[in-house]
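# Topology and contacts: notes
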Amino acid sequence: SVNQPPKDDFDWVVEVGFKPGVTDNVGRTAKEALEMKCNLRLGKSEGIYTSKKYLISGKINQGEVERITKGMLGNELIERFEIGDAESCRLRGNSFFVPRVMEEGEIGTEMIPMEISDQALVELSRRRTLALNLDEMKAIKHYLLDEDHLKKRGKKGLDSQITDVELESLAQTWSEHCKHKIFNGVIEYVDEEGNRVIINSLYDTYIKGATEKIRRDLGERDYCLSVFKDNAGVIRFNEDWSLVFKVETHNTPSALDPYGGALTGIVGVNRDVLGTGKGARLIFNTDVFCFASPDYSKPLPPRLLHPRRIYEGVREGVEHGGNKSGIPTVNGGVVFDECYLGKPLVYCGTGGIMPSTIRGKPTHLKKVGAGDLIVMTGGRIGKDGIHGATFSSEELHGESPTSAVQIGDPITQKKMADFLLTARDLGLYHAITDNGAGGLSSSVGEMAQDCGGCVLNLEKAPLKYSGLNPWEILLSEAQERMTLAVGSDKIGQLLTLSEKMGVETKVIGSFTDSGYFHILWAGKTVAFLEMDFLHNGLPGLRMKAEWKKKEHPEPTFGDPPDLTDALKKVLSRWNICSKESMIRQYDHEVQGGSVVKPLVGAMNDGPGDAAVLRPLLDSMEGVIVSNGICPRYSDIDTYHMMTAAIDEALRNLICVGGDLNVAAGLDNFCWPDPIESEKNPDGRYKLAQLVRANMALYDYTTFMGIPCISGKDSMKNDFRIKGVKISIHPTVLFSLMGKIEDIRLAVTMDAKQPGDLVYVAGETRDEMGGSEYFAMHGFTGNNVPKVDVGKAKERYQAISRATKEGLIASCHDCSEGGLGVALAETAFAGGYGMEVDLRKVPAAGVRRNDVLLFSESQSRFVLTVRQDNKERFEELMKKTAFAEAGMIIVSNKFKIIGLKGTVIIETDGDTLKNVWQQPLN
């Protein structure tokens, strides 16, 4: 309809549209279409804007309409609302909104005195959202008073006062988000026996140290090409191709605006892979989310959104970011726990592939040279994303800035990616990186380390709208932008290609060997910082950690004679039930390379363990993507949480046909604040939890020979407003990317045919601590699952050999919910029944049926094997704990015999499948 409501029968109308300056993807696309179709160009004062109108009928007042609007229909951070009754709507026509206009303030650079008291320095950091502590602020103060540096500053028109551009650049560069201060600090760790250890950098000691040891042990078999020094890790796929993998988090923005936060999370990590080496083609996405329960019913603390709204917003954001970019989402997971009410965790990962060499040069290497031009390509700079890096480096509180929220534009980014890969193949740039956290400040500042300096002209940077201050232009994290280092002999060719492919590209400065980070605005110096101080002047943190094991109550309920109802309840728990309703929103078929999909089985609705894809459609070589995450175990011991997460990722990889020969890991730590303070009195304990998790990562990866090639940490995942504090469980997502030589040997988890034998590999122990079964009864417990890496490695190698010989019909790992869930899922995913005798299952110290069924002991599998493969399979498995425990049957009956020889579960697959599918569908 035009200039009138589309309906007459309503009582209230609500119109929701973006605030001025917020990215409006639909409006931008409509503008481009109009200009193309009508062969015209809209002027600066002309535009197309989108909004949504809701017509509401009912006997409610305006206050109730406002509650509905703010609670369900829009987000006050990025959207504005207009509310009216039916009569006002008819009088005003089709839209309440006038065209959106950015309010323009005075543009300039502020000079900030630093010769102030310690208290004033702390207040300055708080007021400007710098997230710098007193020692860091004092380091900046003392730097500005250095006589030699003052003389050089004087020649550029600066003095002992710092410009806002310089202060904001230092805060971004020194942020926890960018410098990983906790992981790189010095920690005095005291264990439970009182032993004291000084750890100089968790990262260097346990993560980087583990990978260095593994690479030395691999020798000539080392498949790592680039680790820990680029936007993502790179490994060898074959002689002609390399694989790239990165996982990022976007937790804090997603707490404020789930859609925009998650959308920028996925398109941002896409750019990480696109900006690794000389640039990789993007071939898959993987996403893992941690939310509070969708049925949360308690009063919400101030500023928090309901978990259901966060769930839907994050799901939609990742859907739009991935699907519209033409990248398949092949793997992921969802964890529910009330601790994620304050901050959800949004892990977004991307993999890519690139030729091992282009024009005779290795693609995983890049180098910026003095004299190279600084070129920005892609989207324009806006006010969105200001303070993203520093805002993500502290807890969420009442003064957290709304300007940190961004909205990505996947279509603009797709055009940019196509342009950059073409330019890469033509050799038109020397180096590339993403304008992610910190925008140009980060990308140019990091690239300039190669050559030793830069000169950046901010007035040359293309803007979405006028009115931005110089420091905002430098630090804006507005999306879809990359920075290139381009030789002067190639710039003409690059700009011509850019115009041809419809991607805006601008020269905004040059790289130098001056030793200075030199920023200009309209010919005037607004920042002049030594490169060494910018990147190495940060004072190191010194922290204390003390480990004391906590004890939790143990349940005393009996062992029920019939566990049918218990199995149904476990299958319907949020962390175990089907995620099909979310998975179906994502395109996992685009590019045509997916082999093992997220959903598998007779009806394509069973829970796949890992993804297998074929990145080169003329080859049978495949890539495996898996992950592991076990945050509930952190309440007992983060050492065993960490080993369990890595073990789960490796089990999933083994399940589909992978092996230990080519498997590379990514560690993504999300932690509550681990620094002891008045507002965080248990900081020493939380830091000790972090230490133990890192120790576990070193122990497990070095034993298994799995190098970590990249990773990320996100600290301060806490919420604090008006006396309410919510902290997450210490949470680690461990992701694996492996290789399968022949995708035709890939295995799925669903039972394949009646008569196949059911095997259980791995020993079940009384390890119910942190289990879903205990949680269902309101307990945590103490006996957390512990990984026996020696036995696990032997078992994994045996299963890999059996897979390569084609002996395994199906393979499914035992994780959340234990053996009972794995058996049920195997049966109903295949559409068959199953009979199992628990007396035959390998176990140690287990005397109860519910413990045997629901213990989450690690390194275990449910496998099905054709009877004619029985002898060879058992021969390969003879050195590890395994047993034939049952059979696949024609009927849909699911029957389990208990330890005393009586039937403890008897139902049918359809019933089990229904209770498993129902909660989120």
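Just so we're clear, the structure is a prediction, and the values are computed from it rather than from any experiment. (Residues numbered from 1 in each chain as written. Predicted model: local features only at pLDDT ≥ 70, side-chain atom pairs only at ≥ 80, totals over all residues. Heavy atoms only, no water.)

### Overview of the environment of Ile107
The condition is simple: A run of DSSP states H or I qualifies as a helix once it reaches four residues; a run of E qualifies as a strand once it reaches two. Both are numbered from the N-terminal end. The rule is simple: take the accessible area with a 1.4 Å probe, protein chains only, and divide by the maximum for that residue type; under 20% is buried, over 50% is exposed, in between is partly exposed. We call two residues in contact whenever any of their non-hydrogen atoms come within 4.5 Å of each other.
You can see Ile107 is positioned in the loop between helix H3 (86-92) and strand E4 (111-112). A residue is classified by how much of its surface remains accessible, and Ile107, at 40% relative accessible area, is partly exposed. Sequence-wise, Ile107 and Leu468 are 361 residues apart; in three dimensions their C-alpha atoms are separated by 6.6 Å. Among residues more than four places away in sequence, those in contact with Ile107 are Gly467, Leu468, Asn469, Pro470 and Trp521.

### Here we look at the sheet that holds strand E2 (residues 51-56)
As a general point, the strands of a sheet are linked pairwise by backbone hydrogen bonds and lie either parallel or antiparallel. Here is the rule we go by: At least two bridges found by DSSP between two strands are what make those strands a pair. The axes are straight lines fitted to the C-alpha atoms, using for helices just the contacting stretch, and the angles between their N-to-C directions are given from 0 to 180°.
Sheet architecture is open: three strands sit in the order E2-E1-E3, paired in antiparallel fashion. The open sheet terminates on both sides in strands that have one partner only, identified here as E2 and strand E3 (79-85). Recorded for the sheet is a direction-independent mean angle of 15 degrees between the axes of neighbouring strands. As paired elements, strand E1 (residues 12-18) and E3 share seven bridges and run antiparallel to each other. Bridged to Trp12 within E3 is Asp85. Contacts between helix H2 (residues 62-73) and the sheet are confined to E1, E2 and E3, with E3 contributing the most and set at about 150 degrees to the helix.

### Focus: the state of the cysteines
What counts, and what does not: The definition used for a disulfide is geometric: two cysteine sulfur atoms within 2.5 Å.
Inspection of every chain in the model, using the stated rule, returns zero disulfides. Cys708 carries a free sulfur, and the closest cysteine sulfur to it, the one in Cys224, is 9.6 Å from it. When its relative accessible area of 1% is taken as the criterion, Cys708 is described as buried.

### Re the packing of aromatic side chains
Under the convention used in this document: In this scheme Phe, Tyr and Trp rings, the latter by its six-membered ring, pair at centre separations within 6.5 Å, and the angle between planes marks the pair as stacked below 30 degrees, edge-to-face above 60, and tilted otherwise. Note on criteria: charge over ring means Lys NZ or Arg CZ within 6 Å of the ring centre, with the direction from the centre no more than 35 degrees off the ring normal.
Counted according to the given criterion, the structure contains 22 aromatic pairs. Considering the side-chain rings of Phe669 and Trp671, the 5.9 Å spacing of their centres and the 45 degrees angle between planes classify their relative orientation as tilted. Classification of Phe669 by relative accessible area gives buried; the value is 1%. The exposure class of Trp671 is buried, given its relative accessible area of 0%. Against the face of Phe237 rests Lys739, its NZ or CZ located 5.0 Å from the ring centre.

### Some remarks on a negative patch on the surface
Operational definition: Excluding any residue in a salt bridge, patches collect residues exceeding 30% relative accessible area, merging like charges within 9 Å and nonpolar Val, Leu, Ile, Met, Phe, Trp and Tyr side chains within 5 Å. The protein chains shown are the only cover counted for residues, whose accessible areas, like all others here, come from Shrake-Rupley with a 1.4 Å probe. For salt bridges, the criterion is a side-chain nitrogen of Lys or Arg within 4 Å of an Asp or Glu carboxyl oxygen. Neither His nor the chain termini are counted; the positive set is Lys and Arg, and the negative set is Asp and Glu. We put the charge of a Lys on NZ, of an Arg on CZ, of an Asp on CG and of a Glu on CD.
On the surface, a cluster of negative charge is contributed by Glu192, Glu193, Glu551, Glu554 and Asp766. Relative to the assigned elements, Glu551 resides in the loop between strand E23 (542-546) and helix H20 (564-571).

### Considering the sheet that holds strand E6 (residues 186-190)
Judged by pairing direction, the sheet is mixed, and its three strands sit side by side in the order E7-E6-E23 without closing on themselves. Edge positions in the open sheet fall to strand E7 (196-200) and E23, since each of these has one partner strand only. Taking the axes of each pair of neighbouring strands and ignoring which way they run, one obtains an average angle of 20 degrees across the sheet. Where E6 lies against E7, five bridges are found, and the strand directions are antiparallel. For Tyr189, the partnering residue across the bridge sits in E7 and is Val197. Helix H10 (residues 202-218) rests against E6 and E7 of the sheet, and its axis sits at about 80 degrees to E7. The strands touched by helix H23 (residues 683-704) within the sheet are E6, E7 and E23, with E23 carrying the most contacts at an inclination of about 85 degrees.

### Remarks on the nonpolar core
Selection criterion: Residues belong to one nonpolar core when they are buried, are Ala, Val, Leu, Ile, Met, Phe, Trp, Tyr or Cys, and are joined through side-chain atoms within 4.5 Å.
Leu650 and Phe669 are the most contacted members of the largest nonpolar core, which totals 75 residues. With eleven residues, the top contributor of residues to this core is H23. Filtering out sequence-adjacent residues up to four positions away, Leu650 remains in contact with Leu660, Tyr700, Met704, Ile706, Leu736 and Tyr796. Met137, Trp174, Trp471 and Leu534 belong to the second largest nonpolar core, which has 50 residues in total.

### Examining the packing of helix H15 (residues 410-425) against helix H18 (residues 491-500)
In plain terms, the rule: Put simply, a crossing is left-handed when the front helix is turned counterclockwise from the back one by less than a right angle, and right-handed when it is turned clockwise. Lys, Arg, Asp and Glu make up the charged group, whereas Ala, Val, Leu, Ile, Met, Phe, Trp, Tyr, Cys and Pro make up the nonpolar group; the residues left over, Gly among them, are polar.
The interhelical angle for the contact between H15 and H18, taken along N-to-C directions, is 145 degrees, at an axis separation of 10 Å. When you trace H15 past H18, the crossing you get is right-handed. Contacts between H15 and H18 involve Phe419, Thr422 and Ala423 from the former and Leu494, Leu497 and Ser498 from the latter. Grouping the constituent residues of the contact of H15 with H18 by class yields four nonpolar, two polar and no charged.

The values are spatial; any link to function lies outside them.
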